[in-house]
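# Descriptive analysis of the structure
Read off the chains here:
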Amino acid sequence: MSSTKLALNSIVILFFVSTAVSDTVPHPISNSWKKAINHVKMACLAEGDGTTPHDVAEMVKTWNIPESMKCFMDCVYKKNHFVDKNGHFTDELLDYKGMTRENIQGCEDAVQTSNKDSCDRVYDFCKCIVKDIKDKH
C-alpha cells in the first residue's frame, strides 16, 4: 500500500474514532448555554461556593459538570429564572438551543425526589440534559 493511501486510511479511521467517542455538546448548543451562564456568572461566583472563573471555563468545554459546581449551577438556574420558587424547571429554558419540552420534562421527572436540596436537583437536572444532548448528537 502506498504511503498516501495509508495516510488517507489513517485519517479516515481517526475521523470515525473521534466522532464515535465525542464527549462534547455541539457548538451551537454550547454557545447558547454559555450565554446563559455568562449573563449571571459574576453574581454566582460572588456567592462564594468555591467555584472560580477557571472552573467555569473548563466546565463549558465539555459540559461535564463537577459536583463541586452544583450550587454554582443552582445559582445560574435561579438567576436566569430557569427554576421557580417551588423547584420546578420553567419554560425560560426553551429559549436555549437543545432544550425541548420533552427533555425538560423527562429530566425534571428523573430528578423529582423530595429529599434533594435545590443544588442537588439542579445538578442532577443539568447532568440529565447534557447526557440527553450528547446522546442525540
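Here goes a summary of the coordinates provided.

What counts as what
- Residues numbered from 1 in each chain as written.
- Predicted model: local features only at pLDDT ≥ 70, side-chain atom pairs only at ≥ 80, totals over all residues.
- Heavy atoms only, no water.
- Helix = DSSP H or I, 4+ residues; strand = E, 2+ residues; numbered from the N terminus.
- Buried < 20%, exposed > 50% of the residue type's maximum accessible area, 1.4 Å probe, protein only.
- Disulfide = S-S within 2.5 Å.
- Phe/Tyr/Trp six-rings, centres within 6.5 Å; stacked < 30°, edge-to-face > 60°.
- Core = buried A, V, L, I, M, F, W, Y, C linked by side-chain atoms within 4.5 Å.
- Contact = heavy atoms within 4.5 Å.

Moving on: unusual backbone geometry. Positive phi outside glycine occurs at Trp63, with the angle close to 65 degrees. Mapped onto the elements of the fold, Trp63 is located in the loop between α3 (53-62) and α4 (70-79). Positive phi outside glycine occurs at His81, with the angle close to 60 degrees. Along the polypeptide, His81 turns up in the loop between α4 and α5 (101-111). On the basis of relative accessibility, which here comes to 55%, the residue His81 falls in the exposed class.

By the definition in use, this model includes three disulfides. The side chain of Cys71 participates in a disulfide bridge whose partner is Cys119; the two sulfur atoms lie 2.2 Å from each other. Taking the sign of the S-S torsion, about 115 degrees here, the bridge from Cys71 to Cys119 comes out right-handed. Here the residue Cys71 occupies a position in helix α4, and Cys119 occupies one in helix α6 (residues 118-136), the gap between them amounting to 48 residues. At a sulfur-sulfur separation of 2.1 Å, the disulfide partner of Cys107 is Cys128. An S-S torsion of about -80 degrees defines the bridge between Cys107 and Cys128 as left-handed. Pair noted here: Cys107 is in helix α5 and Cys128 is in helix α6, with a separation of 21 residues, a long-range link. With a relative accessible area of 3%, Cys107 lands in the buried category.

What follows concerns the packing of aromatic side chains. This structure, assessed with the given rule, holds six aromatic pairs. With 6.0 Å between their ring centres and 80 degrees between their planes, Tyr77 and Phe125 make a pair best called edge-to-face. With a gap of 48 residues between them, Tyr77 in helix α4 and Phe125 in helix α6 connect regions that are remote in the sequence. The class of Tyr77 is buried, set by a relative accessible area of 8%. A residue is classified by how much of its surface remains accessible, and Phe125, at 0% relative accessible area, is buried. Clustering of aromatic rings is evident, with ring pairs tying together Tyr77, Phe82, Phe89, Tyr96 and Phe125.

Within the largest apolar cluster, 35 residues are counted, with the highest numbers of intra-cluster contacts made by Trp33, Ile37, Phe72, Met73, Tyr77, Phe89 and Phe125. Elements with a contribution of two residues or more to this core: α2 (27-45), α3, α4, α5 and α6. Non-local contacts of Phe89, meaning those with residues more than four positions away in its chain, are made with Tyr77, Phe82, Val83, Ile104, Glu108, Val111, Arg121, Val122 and Phe125.

Nothing here speaks to function; it is all geometry.
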